[in-house]
Amino acid sequence: MPVTPMTRGRYAPPAPRRELSATSADGSRLHVEIHGPGEPGAPAVVLSHGWTCSTAFWAPVVRALAADHKVVLYDQRGHGRTPAVGPRGYTTTALADDLVAVLGAALEPGERAVLAGHSMGGMTMMAASERPEFRARAAAVLLCSTGSANLTAESMVIPMRSPGGRRIAHQVVLGSRAPLGPVTAVAKRILKYATMGPAATPEQVEACARIVHACPVGVRSRWGKVLAGLDLTGGAARLEVPTAVIAGTADRLTPVVQSRRLASVLPRFEGLTELAGAGHMTPIEEPEVVVDRIRELVGGHLRTAAGEKKEKTA
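Bear in mind that the values here come from a model prediction, so they are computed numbers and not experimental data. (Residues numbered from 1 in each chain as written. Predicted model: local features only at pLDDT ≥ 70, side-chain atom pairs only at ≥ 80, totals over all residues. Heavy atoms only, no water.)

For the rest of this paragraph, the subject is unusual backbone geometry. Within the chain, Thr-52 stands out as a residue other than glycine whose phi angle is a positive 70°. When you line up the elements, Thr-52 lands in the loop between strand 3 (44-48) and helix 1 (59-65). One non-glycine residue, Asn-150, lies in the positive phi region at around 60°. Here Asn-150 shows up in the loop between strand 6 (138-144) and helix 5 (151-154). A relative accessible area of 35% places Asn-150 in the partly exposed class. (Helix = DSSP H or I, 4+ residues; strand = E, 2+ residues; numbered from the N terminus. Buried < 20%, exposed > 50% of the residue type's maximum accessible area, 1.4 Å probe, protein only.)

This part is about the sheet that holds strand 2 (residues 29-35). Here eight strands make up an open sheet; going across it, the order is 1-2-4-3-5-6-7-8 and the pairing mixed. Of all strands in the sheet, those bounded by a partner on one side alone are strand 1 (18-23) and strand 8 (269-275). Strand-to-strand twist in this sheet, taken as the mean axis angle between neighbours without regard to direction, amounts to 20°. (Pairing = 2+ DSSP bridges. Axes fitted to C-alpha atoms, helices over the stretch in contact; angles between N-to-C directions.)

Bringing the side chain of Arg-166 into the picture now. With respect to the secondary-structure elements, Arg-166 resides in helix 6 (residues 163-175). One buried charged side chain, Arg-166, makes no salt bridge at all; its nearest oppositely charged neighbour is Glu-154, positioned 7.3 Å away. Within polar-contact distance, the side chain of Arg-166 engages the backbone oxygen of Met-160 at 2.6 Å. (Lys, Arg positive; Asp, Glu negative; His and termini not counted. Salt bridge = Lys/Arg side-chain N within 4 Å of Asp/Glu carboxyl O. Polar contact = N/O pair within 3.5 Å; in protein donor to acceptor, adjacent residues only side chain to side chain.)

In contact at an axis separation of 7 Å, helix 6 and helix 9 (residues 217-228) are set at 150° when each is read in the N-to-C sense. Here helix 9 runs roughly antiparallel to helix 6, going by the angle between their axes. Side by side, helix 6 and helix 9 meet where Gln-171, Leu-174 and Gly-175 of the first sit next to Arg-220, Ser-221, Gly-224, Lys-225 and Ala-228 of the second. Taken together, the residues of the contact of helix 6 with helix 9 sort by class into two nonpolar, four polar and two charged. (Parallel < 35°, antiparallel > 145°, perpendicular 65-115°, else oblique. Contact = heavy atoms within 4.5 Å. Nonpolar A, V, L, I, M, F, W, Y, C, P; charged D, E, K, R; others polar.)

Right, let's talk about the packing of aromatic side chains for a bit. Summed over the entire model, instances satisfying the criterion amount to two aromatic pairs. Aromatic pair Phe-57 and Trp-58: ring centres 6.0 Å apart, planes at 80°, arrangement edge-to-face. Like Phe-57, the residue Trp-58 is buried in the burial classification. Consider the rings of Tyr-90 and Trp-223, whose centres lie 5.2 Å apart with planes at 80°: the pair is edge-to-face. One end of the pair, Tyr-90, is in the loop between strand 4 (70-74) and helix 2 (92-106); the other, Trp-223, is in helix 9, and 133 residues separate them in sequence. Of the two residues, Tyr-90 and Trp-223, both sit in the buried class. (Phe/Tyr/Trp six-rings, centres within 6.5 Å; stacked < 30°, edge-to-face > 60°.)

For the structure on display, the rule yields zero disulfides. In this structure Cys-208 is not part of a disulfide, and its nearest cysteine sulfur, from Cys-53, lies 6.8 Å away. For Cys-208, a relative accessible area of 1% corresponds to the buried category. (Disulfide = S-S within 2.5 Å.)

Below is the structure:
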């Protein structure tokens, strides 16, 4: 029986105002949703989810922002309602291609947005940092629970003392094709240990488990292998838009050292928010903080730019 997202409560995906399909550079079709008010003028926010997740992952963030923001979110290739592709279609270049395609399809001509990416979604923005289309559209960026390189040696899901041992063990886990199966009590305990902080609620764990367990095995494995060999530090260093970072201090997948390293290389760094006791799933574990940080970036870089443009045309 297929695993489905939550159907009630704040972690249930809200209905979009509009759905569309974006076409990437290799012809792949991406499922895109637009939430929020239909009238023009609402500031735009684009959300990019992480490995094994889907648009459903952003449910509490979308619910908080959609009253007064145009919120765009999409399923990364192979996730959610975006079809899987052939084995060669899983690369950081494809991540960048897909994001650029979504920006072109969902934003109006000349419209800019604040972009927020979680985990692989943040890596997507590092991969796209030099694309002219990205630079023309991104007013500011929020990177949540992400990293740029050396993930397998620094991850602490398997807490071995040797970085070399951790690297090998995590490579095996990331590339595994073992099915996750149904969402059982044992499965939820494992998921909470690997991806969430000790204070995560049963409802939050249930929401994350339903999303992660819905990811196809082959897609999980192929993207996992990409993450195992990832090196986007150069992309982060060329992310020349105002960029803020959020990290959980109990994140085992992308430990806080990864976010601190990003802080040292981002050219227009806007601050690191460390969430005490939070794990990897910060947009679900601490959605209020994520929403507040997005609103700050909108107020500082999107509304200000809109006001300056209005003054110049007056």
